[in-house]
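# Remarks on the overall topology
The residues making up each chain are set out below.
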Amino acid sequence: MIVVKIPDSYEKERRYILAVIFGEFLGLEIQVEVGDCKNTIVLPQPDLQIEIADVLFATPISQWLQPESLPSQPLKIWDLDRTNIRAMTVTSQVPIIYGEDPARADFFTQSEARTYLGIDIFGSAFFMLTRYEEVAKPDRDPIDRFPATASLAYQEDFLTRPIINEYLEILWACMLHFNPSLKRKRREFQMVVSHDVDEPFRYAFSGVRRLIKRCAGDIYRRHSPILAAQSILQAIQVKSGNYHLDPCNTFDLIMDISEKNNIKSAFYFIADRTHKTFDGDYSIEHPLIRDLLRRIHERGHEIGLHTSYHTYQNPAQTKKEFDILQRVCTEEGIQQQNWGGRQHCLRWETPTTFQNWNDARLDYDSTLYFADAIGFRCGVCYEFTTFNLKTRMQLKLKERSLTVMECTLLDERYSNVGSDHIHVISTIANIKKSCKKFEGDFSILWHNNRFISSREVDIYENVIS
């Protein structure tokens with residue numbers, strides 16, 4: 001049993017992050033002792049100790065969740081090559097989110113019985129996993145999302161590296177130094193593939209007005225009268241009952257690709273509408289959608305919830321939509337052990353949306369990702385238990401944070417590098433490589449209506465293979 005001694009402040013917060021780091025990530029049992037100590041002390045063996053700097057949880061209560069408690073910028077960088085630590089990191093240059101100045105001689109010291117580590121590993125992990133800065137900072141984009149550009153990870157250039165996984169490896173290396181016989185939880189890299197179903201069919205549920213709008217776009221924006229003619233022909237065929245000809249009906253293709261790669265896809269459906277424009281034009285009650293749900297389930301893939309546009313601050317609506325999804329699935333003979341999904345348009349409010357999903361009794365969420373930049377919004381490539389910063393309570397809900405969404409790289413409103421096929425693939429491959437390095441989860445979102453383009457299908461197949 002590993003003993004961990006902690007100061008007597010922010011006990012609920014400390015116990016939560018210790019449980020995640022030691023229990024969920026490392027698979028180790030610990031005994032927590034609250035006492036009169038300045039820093040956190042980990043005892044891999046009774047007479048050997050690792051003392052870890054305590055910075056975030058030393059914050060005065062009056063400054064908690066306030067801008068004054070945020071990390072000082074620019075962050076200090078620790079060069080691991082100057083130490084005898086052999087920890088697995090993305091590079092040897094490690095940003096210090098909370099901690100002391102690594103240029104100081106006493107930032108890292110090691111003797112026969114004691115190691116002192118100047119990184120606040122536990123405070124930094126708490127900061128990233130709970131999305132602490134999103135409560136402390138007012139920044140929001142036009143649809144009320146916390147943008148990547150406001151995040152510490154983006155500003156300090158570590159968004160594309162799972163920094164908390166790196167901190168975990170540093171801690172593990174220090175523990176092994178004192179107790180080489182320690183064994184951690186075995187992990188395997190896995191692909192986590194999901195598809196938000198915003199538009200299951202382009203023409204099955206839409207009317208003439210939408211067709212006219214699309215044809216106008218084909219002619220004036222895409223400069224292609226041929227595309228306009230094709231749109232009209234497809235609409236006529238689909239309205240005649242040939243639903244397999246609908247360009248957005250790509251579900252069998254997606255499942256074929258997943259099965260070829262031994263991957264289970266998750267399809268997240270909108271169950272109710274709270275915004276006429278943003279929430280699509282389909283009803284989950286429609287026979288076409290019910291048939292689609294059955295096909296997905298019969299092929300062994302997952303069905304989940306894509307909560308509508310105005311749910312992120314609305315617990316009652318979140319629960320209502322999950323209830324609708326479960327009822328329809330039950331009526332179709334669909335049963336699953338776990339239920340999860342993602343917020344529509346990635347709209348999120350910390351910690352409100354965590355609590356909404358927890359109270360609706362969903363098992364996991366996979367929203368946390370910045371629409372405007374790929375990478376690790378939570379700084380980690382492992383699933384983890386969530387925490388409500390306002391109520392100071394650990395939740396049952398798990399977070400499976402997203403790492404890549406195709407729109408971020410391919411759409412004009414975001415990175416808009418879609419014309420550079422090689423750059424898109426290499427950018428995503430680098431993220432995947434980091435997830436593999438830590439035997440974590442590479443979580444990717446590719447909407448079903450993006451499989452219309454053969455070029456995008458090629459990119460997708462290259463990325464998940």
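See the structure printed just above.
An account of the accompanying structure is given in this report. None of the values given here were measured: they were computed from a predicted structure. (Residues numbered from 1 in each chain as written. Predicted model: local features only at pLDDT ≥ 70, side-chain atom pairs only at ≥ 80, totals over all residues. Heavy atoms only, no water.)

### As for helix α5 (residues 163–178)
For α5, built from 16 residues, the straight-helix expectation of 22 Å at 1.5 Å per residue is met to within 8% by its first-to-last C-alpha distance of 24 Å. Burial within α5 is extensive, with 14 of its 16 residues counted as buried. (Helix = DSSP H or I, 4+ residues; strand = E, 2+ residues; numbered from the N terminus. Expected span 1.5 Å × (residues − 1). Buried < 20%, exposed > 50% of the residue type's maximum accessible area, 1.4 Å probe, protein only.)

### A closer look at the packing of helix α13 (residues 421–437) against helix α14 (residues 454–464)
For the pair α13 and α14, the least separation of the axes is 10 Å and the interaxial angle reads 25°. Comparing the axis directions of α13 and α14 gives the class roughly parallel. Crossing of α13 against α14: the hand is right-handed. Side by side, α13 and α14 meet where His421, Val424, Ile425, Ile428 and Lys432 of the first sit next to Arg455, Asp458, Ile459, Asn462, Val463 and Ile464 of the second. (Axes fitted to C-alpha atoms, helices over the stretch in contact; angles between N-to-C directions. Parallel < 35°, antiparallel > 145°, perpendicular 65-115°, else oblique. Left-handed = near helix turned anticlockwise from the far one by under 90°. Contact = heavy atoms within 4.5 Å.)

### Notes on the packing of aromatic side chains
Going through the model one piece at a time under the given rule, you end up with 22 aromatic pairs. Relative to Phe126, the ring of Tyr16 lies with its centre 6.1 Å away and its plane at 75°, an arrangement referred to as edge-to-face. Of this pair, Tyr16 sits in helix α1 (residues 11–26) while Phe126 is found in helix α2 (residues 121–129), placing the two residues 110 residues apart along the sequence. Here Tyr16 matches Phe126 in class, with each residue buried. (Phe/Tyr/Trp six-rings, centres within 6.5 Å; stacked < 30°, edge-to-face > 60°.)

### Some thoughts on the pattern of salt bridges
Taken as a whole and assessed by the stated rule, the structure comprises 34 salt bridges. In this structure, the salt-bridge partner of Asp196 is Arg342, at a minimum N-O distance of 2.7 Å. In this pair, Asp196 sits in strand β9 (residues 190–197) while Arg342 sits in strand β12 (residues 340–343), placing the two residues 146 residues apart along the sequence. Among the salt bridges present, the one from Arg290 reaches Glu285, with a minimum N-O distance of 2.8 Å. On the accessibility criterion, Glu285 (33% relative accessible area) is partly exposed. One salt-bridge network, in which partners are shared between bridges, spans Asp252, Asp256, Glu259, Glu285, Arg290, Asp291, Arg294, Arg295, Arg299, Arg327, Glu331 and Glu332. (Salt bridge = Lys/Arg side-chain N within 4 Å of Asp/Glu carboxyl O.)

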